[in-house]
Amino acid sequence: MQKELDELSGRVIRLLKKKTMTVTAVESCTGGMISSLLTDIPGASEVFKGSFVTYSDETKHRFVEVEEETLKKCTAVSEETAREMVRGGIRIVGADLGVSVTGYAGPDGGERGEPAGLVYIGCGSGIRTEVRKFCFQGDRGQVRRQAAEEALRFLEEWLLRPETDSEEEQHADAPAETVRIKYFTDEIEKLCRITEKSDWIDLRAAENVEMKAGEFRLIPLGVAMKLPGGYEAHVIPRSSTFKNFGILQVNSMGLIDESYCGDQDQWYFPALAVRDTVIHVNDRICQFRIMKHQPQIYFEETNQLSETNRGGFGSTGKQ
């Protein structure tokens, strides 16, 4: 078993060197086993940027920035957490690739009835991350060794995938993230992935709406979604919304985070009519895109910015 693991680790290190890529590991139930296996290989320092053993919820949040909401809603042993562990590790150490492991090594399982041996392993880059679910058998030590081995195999598989000029081109025809969606009506067109220049996605009225000038209405959009962890949706009017329907979005831009994902958490468009208007079911009235949460920001006070004054106000430029 150890010989096989050493050979597997050696192959991963050689592939990383060949592709001039670096890697980080974010481990929970494996407790540093992956990092140990990789750094046992001579020359690993050329490609191994560092690692984290985030055994508690607190350290997952503090050191690799797993969202507290993700840990609370999805638990530490989940696809969402494994995905955020990969991204956080990559972001913090500046690696090209990351691998993560979180699970129940045993003998006990989770508080919600999850079995011992349940493990989620994440692997990916800053552009795309995949997570696999495993149910390992055996005692605590066996589960941890199997998890470490599968994580290294996942990493090796990732490195063996066909190369293109860039990861953006490699995945241009594949979604980088998956959004689970529930429809509340069959009368609106299904949402589809945008492949043209714009990455905004249209949303449609889910029912016929008649409004008088000055009337406010929450217009149902007929969808509920489970966004990927670490993302939020920005909802704005379409450029033609005011011209076609005479309505304004009262909050200027709607923001929906990943915690709004229950079966009845339908999306709505808060509209104020400036004239009498009728909106028909399936009319396109707004659009959305998903964005990553803003990273933690620190403000450094200074008496001088040492840049040339542009003039004007904010983003308006010179007047």
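Criteria and cut-off values
Residues numbered from 1 in each chain as written. Predicted model: local features only at pLDDT ≥ 70, side-chain atom pairs only at ≥ 80, totals over all residues. Heavy atoms only, no water. Helix = DSSP H or I, 4+ residues; strand = E, 2+ residues; numbered from the N terminus. Buried < 20%, exposed > 50% of the residue type's maximum accessible area, 1.4 Å probe, protein only. Contact = heavy atoms within 4.5 Å. Areas by Shrake-Rupley, 256 points an atom, 1.4 Å probe, with all protein chains shown as cover. Lys, Arg positive; Asp, Glu negative; His and termini not counted. Charge placed at Lys NZ, Arg CZ, Asp CG, Glu CD. Polar contact = N/O pair within 3.5 Å; in protein donor to acceptor, adjacent residues only side chain to side chain. Pairing = 2+ DSSP bridges. Axes fitted to C-alpha atoms, helices over the stretch in contact; angles between N-to-C directions. Patch = residues over 30% accessible without salt bridge, like charges linked within 9 Å, V, L, I, M, F, W, Y side chains within 5 Å. Salt bridge = Lys/Arg side-chain N within 4 Å of Asp/Glu carboxyl O. Core = buried A, V, L, I, M, F, W, Y, C linked by side-chain atoms within 4.5 Å. Phe/Tyr/Trp six-rings, centres within 6.5 Å; stacked < 30°, edge-to-face > 60°.

**Considering the overall build of the protein**
- In terms of regular secondary structure, the protein is built from 8 helices and 16 strands.
- Counting only residues that meet the buried cut, the protein has 47% of its 319 residues in that class.
- Here the analysis covers contacts within the protein between residues at least 6 apart in sequence; of these, 70% occur between residues at least 24 apart.
- As displayed, the protein offers around 17800 Å² of accessible surface, 48% of which is attributable to carbon and sulfur atoms.
- Across the protein, the mean location of the 40 positive side-chain charges is 2 Å away from that of the 51 negative side-chain charges.

**Concerning the side chain of Thr 277**
- By the secondary structure assignment, Thr 277 is in strand 15 (residues 277-279).
- What makes Thr 277 buried here is its relative accessible area of 5%.
- At 2.7 Å, the side chain of Thr 277 and the backbone oxygen of Phe 245 are in polar contact.
- Ignoring anything within four residues of it in the chain, the contact list for Thr 277 reads Val 209, Glu 210, Met 211, Phe 245 and Ile 247.

**Structural notes on the environment of Phe 216**
- Mapped onto the fold, Phe 216 is located in strand 9 (residues 216-220).
- For Phe 216, a relative accessible area of 46% translates into the label partly exposed.
- With 55 residues separating them along the chain, Phe 216 and Ala 271 place their C-alpha atoms 5.7 Å apart.
- Residues within four places of Phe 216 in sequence aside, it is in contact with Met 211, Val 250, Pro 270, Ala 271 and Leu 272.

**Some details on the sheet that holds strand 5 (residues 129-135)**
- An order of 2-1-3-4-5 is seen for the 5 strands of this open sheet, with the pairing classed as mixed. Whereas interior strands pair on both sides, the edge strands pair on one side only; in this sheet they are strand 2 (48-53) and strand 5. Each adjacent strand pair in this sheet contributes to an overall mean axis angle of 10°, direction not counted.
- Pairing of strand 1 (residues 23-27) with strand 3 (residues 97-103), which is carried by 5 bridges, proceeds in the parallel orientation. Note that in strand 3 the partner of Thr 24 across the bridge is Gly 98.
- Sheet strands in contact with helix 5 (residues 79-93) are strand 1, strand 2, strand 3, strand 4 (118-124) and strand 5, and its direction is about 145° off that of strand 3.
- Helix 6 (residues 140-159) rests against strand 1, strand 3, strand 4 and strand 5 of the sheet, and its axis sits at about 25° to strand 4.

**Topic: a negative patch on the surface**
- On the surface, a cluster of negative charge is contributed by Glu 4, Asp 6, Glu 7 and Asp 40.
- Topologically, Asp 40 is positioned in the loop between helix 2 (33-39) and strand 2.

**Looking at the nonpolar core**
- By size, the foremost hydrophobic cluster in this structure holds 36 residues, and its most contacted members are Leu 16, Ile 34, Leu 97, Val 101, Val 119, Ile 121 and Leu 159.
- Where this core is concerned, the elements lending two or more residues are helix 1 (2-18), strand 1, helix 2, strand 3, strand 4 and helix 6.
- A total of 9 residues in this core trace back to one element, the largest contributor, which is helix 6.
- Excluding residues within four positions of it along the chain, Ile 34 makes contact with Ala 25, Glu 27, Val 99, Val 101, Ala 148, Ala 151 and Leu 152.
- Counting 26 residues, the second-largest nonpolar core is a separate cluster that includes Leu 203, Leu 221, Met 225 and Ala 271.

**Details of the packing of aromatic side chains**
- Evaluation of the coordinates by the stated rule reveals 2 aromatic pairs.
- Each ring, one from Phe 134 and one from Phe 136, has its centre 5.2 Å from the other, and the planes form 10°; the classification is stacked.
- Note on Phe 134: relative accessible area 17%, which makes it buried.
- Measuring from ring centre to ring centre gives 5.2 Å for Trp 267 and Phe 288, while their planes differ by 80°; the resulting arrangement is edge-to-face. Placement of Trp 267 in the loop between strand 13 (254-257) and strand 14 (268-273) and of Phe 288 in strand 16 (residues 284-292) is noted, with a sequence separation of 21 residues between them. You'll find Trp 267 and Phe 288 in the same group, each marked buried.

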